[in-house]
Amino acid sequence: MEVQTVLENGETKNDAIRPDFNKSISIDFAGAKITSDAGFLLMREVDQRFDIIQSGSKLLKDARSASHTKHSFEQMIRQRVYQIAAGYEDCNDADLLRIDPALRLALDKGHQSGAGQSVMSRLENETLGTAAGQSALDAMITKTTDALLKRKNKKKLILDVDSTEDPAHGHQEHMAYNGHFGKNCFHPLFCFTSDGDGLAAKLRPGNAHSAAGTLEMIKPLVDRYRKKFNLFWLRGDSAFADPGIYEFCESKRVTYFIRLHSNAVLARLIKPYQNRPVGRPPRSGVQVKYVDMKYQAKSWDKPRRVIAKIEWHLGELFPRCYFIVTNSRLPAFSVVKVYNGRGDVENRIKEGKNTLRWDKTSCHRFAANEARLKMGFLAYNLLHLIRRFYVRNEKARRSIDWIIMRLVKVGARISYHARYWHVHIASAFALRHHYRAVLGWKT
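The rules we used
- Here the residue index of a chain counts from 1 through its sequence in written order.
- Given that the model is predicted, a residue must reach a pLDDT of at least 70 before its local features are reported, and side-chain atom pairs must reach 80 or more before they are shown or counted; all residues, however, enter totals for whole chains, interfaces and linings.
- As a rule here, side-chain values come from all non-hydrogen atoms in the structure, and water together with hydrogens is ignored.
- The helix and strand labels rest on DSSP assignments: H or I over at least four residues marks a helix, E over at least two residues marks a strand, and numbering proceeds from the N terminus.
- Whether two residues are in contact is decided by their heavy atoms: any pair within 4.5 Å suffices.
- The protein chains shown are the only cover counted for residues, whose accessible areas, like all others here, come from Shrake-Rupley with a 1.4 Å probe.
- For this count, His and the chain ends are skipped, Lys and Arg are scored as positive, and Asp and Glu as negative.
- Throughout, a charge is located at the NZ atom of Lys, the CZ atom of Arg, the CG atom of Asp or the CD atom of Glu.
- Should DSSP find at least two bridges between two strands, the strands are regarded as paired.
- Only protein chains enter the accessibility calculation, which uses a 1.4 Å probe. A residue is then buried if its area is under 20% of the maximum for its type, exposed if over 50%, and partly exposed in between.
- Within this document, salt bridges are pairs made up of a side-chain nitrogen of Lys or Arg and a carboxyl oxygen of Asp or Glu, the two lying within 4 Å of each other.
- Every axis in this analysis is a line fitted to C-alpha atoms, fitted for helices over the stretch in contact. Angles between the N-to-C directions lie between 0 and 180 degrees.
- When an angle is under 35 degrees it counts as roughly parallel; over 145 it counts as roughly antiparallel; between 65 and 115 it counts as roughly perpendicular; any other value is oblique.
- Polarity classes work like this: nonpolar for Ala, Val, Leu, Ile, Met, Phe, Trp, Tyr, Cys and Pro, charged for Asp, Glu, Lys and Arg, and polar for all others, with Gly in that last group.
- We place a 1 Å grid over just the protein atoms. Points where a 1.4 Å probe fits but has no way out form a cavity, open points with protein on both sides within 12 Å along at least 5 of 7 lines form a pocket, and any residue with an atom within 4 Å of a point lines it.
- Grid points are joined across faces, edges and corners, and a volume is the space filled by probe spheres set on the points.
- Centres within 6.5 Å make a pair out of two Phe, Tyr or Trp rings, where for Trp the six-membered ring is used; the pair is then stacked when the planes are under 30 degrees apart, edge-to-face when over 60, and tilted otherwise.
- Criterion for a charge above a ring: Arg CZ or Lys NZ at most 6 Å from the ring centre, at most 35 degrees from the ring normal.
- Buried Ala, Val, Leu, Ile, Met, Phe, Trp, Tyr and Cys residues that are joined via side-chain atoms within 4.5 Å together make up what is termed a nonpolar core.

J.: Mind showing me how you'd approach the overall build of the chain here?
T.: Each helix and strand in the chain was counted, giving 15 helices and 16 strands. With respect to the principal axes defined by its C-alpha atoms, the chain has extents near 80 × 50 × 50 Å. In the chain, once contacts between residues fewer than 6 apart in sequence are set aside, the share between residues at least 24 apart is 64%. Total accessible area computed for the chain in this model is approximately 22,400 Å², and 51% of it derives from carbon and sulfur atoms. Side chains of the chain give 72 positive and 46 negative charges; the mean places of these two sets differ by 8 Å.

Here you go:
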């Protein structure tokens, strides 16, 4: 049985545990000067360099009594976001992590402990779960996107919009049954660039249509970044086939590539092209034909260009067909190729859900859950900044999970001497060049 004693400074002293296979080994959890997450310091360096959390925190009005306040909003938001980025998505984790020496240094706490679970929960519900809190988080996300897009080639920017399910936990506000996913859930909406840069995230009720709120999400992005790029493209699946989106894009010189559901009119238009091509199929067993045509649905104000891709698969009697509506002037096969690239946004959403647990929205209040989602999204962008700018000499594009496991989950001994803090990482640490890339960066 493990016995814990709470010390005056908030740390815990544990009685030793001795494994049965070798009683000469003693294991305890009293290494108060040791951290398992030296990467907290990398996050703070990147956060500070691009003025992400500090600038957004200034938008929040702190009505608390200064004499009774131990943690500033800036410190608390940093702690919550850094914890999520390190894989500690649960508020309860703060009770132990608050004494982590690397986290304390990242929060400018020094010898003092960070905030516990109760403080983190109040932050989500009473501060960030408000209109002002949501605006502050959006401002922080915008800071990360500004940094990411500033170094991007000015020729082209591609926006990918998509939604996903976020399972509900009990009777939560705006939890509803979603027929497409077949479960009670929330239905968040995301916008990424084609390079995986997170641009925006919004939590929605479970029964919200996939395209609901899309225009409100992309309008500020188009207004902010349209002039910086020669080409500005938008991609979405058939859930985003909305005439309002087409009209907005056409008015703002945004090129869209959006899939259309098949219907009787489209099926009739491509029927003359559905005869199987003459000749033997290629090695892939798939023969392809592209049809470029004009089509106007009843809800559209004018005819628009629609590309049909018809595929004949070996051994299948009927061809497979799908349609893309676009205002692009690219050749038909190029339109299809551009649209197919949107599949990467699904991988980025899976990365956020599986690695950073964006779906850990277990608060009762809807606004608090949206704050959790946005803090998770901010944590993703913080790690993505490290991946994009500082992970060097890697042949493959590294995942967020790789960044966490290899660069954040790094053990270190931390000491304080002559008014200086010393962080000692193992001499055999093979990825030290990535740390040098972040911490040794010069303006």
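J.: Got a minute to help me understand the sheet that holds strand E15 (residues 412-417) in this structure?
T.: Hydrogen bonds along the backbone pair up the strands of a sheet, which may run parallel or antiparallel. With antiparallel pairing, the three strands of this open sheet are ordered in space as E3-E15-E16. Only two strands of the sheet have a single partner each, and these edge strands are strand E3 (34-35) and strand E16 (420-425). Pairing between E15 and E16: six bridges, direction antiparallel. Across the sheet, the residue bridging to Arg413 is His424, located in E16.

J.: It is not clear to me how unusual backbone geometry should be interpreted in this structure. Could you clarify?
T.: With glycine set apart, most residues show a phi of negative sign, and most peptide bonds adopt trans. The residue Arg253 is not glycine, and still its phi comes out positive at about 60°. If you trace the backbone, Arg253 turns up in the loop between helix H9 (243-251) and strand E11 (255-260). If you check the backbone angles, Ala418 has positive phi at about 55° while not being a glycine. Relative to the helices and strands, Ala418 resides in the loop between E15 and E16. Given a relative accessible area of 53%, Ala418 falls into the exposed group.

J.: Explain the pattern of salt bridges here, please?
T.: Oppositely charged side chains may form a pair once their charged atoms are brought near each other. Inspection of the entire model under this criterion finds 34 salt bridges. The shortest N-O distance in the salt bridge between Asp138 and Lys374 comes to 2.9 Å. Here the residue Asp138 occupies a position in helix H7 (residues 131-150), and Lys374 occupies one in helix H13 (residues 366-389), the gap between them amounting to 236 residues. With a relative accessible area of 5%, Lys374 lands in the buried category. Look at the salt bridges and you will find they share partners, linking Asp138, Lys202, Glu370 and Lys374 into a network.

J.: Got a minute to help me understand the packing of helix H8 (residues 214-225) against H9 in this structure?
T.: Describing two packed helices takes the angle between their axes plus the distance from one axis to the other. The geometry of H8 relative to H9 is characterised by a closest axis approach of 11 Å and an angle of 10° between their N-to-C directions. The pairing of H8 with H9 is recorded here as roughly parallel in orientation. Contacts between H8 and H9 involve Thr214, Leu215, Ile218, Lys219 and Val222 from the first element and Gly244, Ile245 and Phe248 from the second. Residue composition of the contact of H8 with H9, by class: five nonpolar, two polar and one charged.

J.: Hey, could you run me through empty space enclosed by the protein in this one?
T.: Take a probe with the size of a water molecule and roll it over the atoms, and the empty space left behind shows itself. Enumeration over the complete set of coordinates arrives at two cavities of 30 Å³ or more. The space that makes up the largest cavity amounts to roughly 60 Å³. Lining the largest cavity we find Arg80, Ile84, Glu89, Leu356, Arg357, Trp358, Lys360, Arg372 and Gly376. Elements with a minimum of two residues in the lining of the largest cavity: helix H3 (73-85) and H13. Residue classes in the lining of the largest cavity are distributed as three nonpolar, one polar and five charged. Each pocket or cavity is described by its volume, and for the second largest cavity that value is around 30 Å³. In this structure, the second largest cavity is lined by Thr164, Glu165, Asp166, Pro188, Phe190, Lys353, Trp358, Asp359 and Leu373.

J.: So what exactly am I meant to see when it comes to helix H14 (residues 400-408) here?
T.: Quick reminder: α-helices carry 3.6 residues per turn. Residues three or four places apart thus point the same way. Within the span of H14, buried status applies to Ile400, Trp402, Ile403, Ile404, Leu407 and Val408. Those residues of H14 hidden inside the fold are in contact with helix H1 (40-49), H3, helix H12 (343-355), H13 and helix H15 (432-439).

J.: Before we go on, may I ask you to explain the packing of aromatic side chains in this structure?
T.: Going through the model one piece at a time under the given rule, you end up with 17 aromatic pairs. Considering the side-chain rings of Phe190 and Trp358, the 5.1 Å spacing of their centres and the 25° angle between planes classify their relative orientation as stacked. Here Phe190, found in strand E8 (residues 189-193), pairs with Trp358, found in the loop between H12 and H13; they are 168 residues apart in sequence, far enough to count as distant. Ring-pair connections join several aromatic residues into one group, and the members of that group are Phe190, Phe192, Trp358, Phe377 and Tyr380. Here Arg151 stacks its cationic end above the ring of Phe389, 4.1 Å away from the centre of that ring. Lying over the aromatic face of Trp300, Arg304 brings its terminal NZ or CZ to 5.5 Å of the ring centre.

J.: Just checking my understanding: could you explain the nonpolar core for this structure?
T.: A general feature of soluble globular proteins is that nonpolar side chains tend to end up buried together. If you look at the biggest cluster of nonpolar residues, it comprises 75 residues, and the most contacted ones within it are Phe40, Met43, Val81, Tyr82, Leu383 and Leu407. With 13 residues, H13 is the largest single contributor of residues to this core. Setting aside chain neighbours within four positions, we find Leu383 in contact with Met43, Ala85, Leu356, Ile400, Ile403, Ile404 and Val408. If you look at the next biggest cluster of nonpolar residues, it comprises 39 residues, including Leu159, Leu199, Ile218 and Val222.

Geometry only, nothing functional implied.
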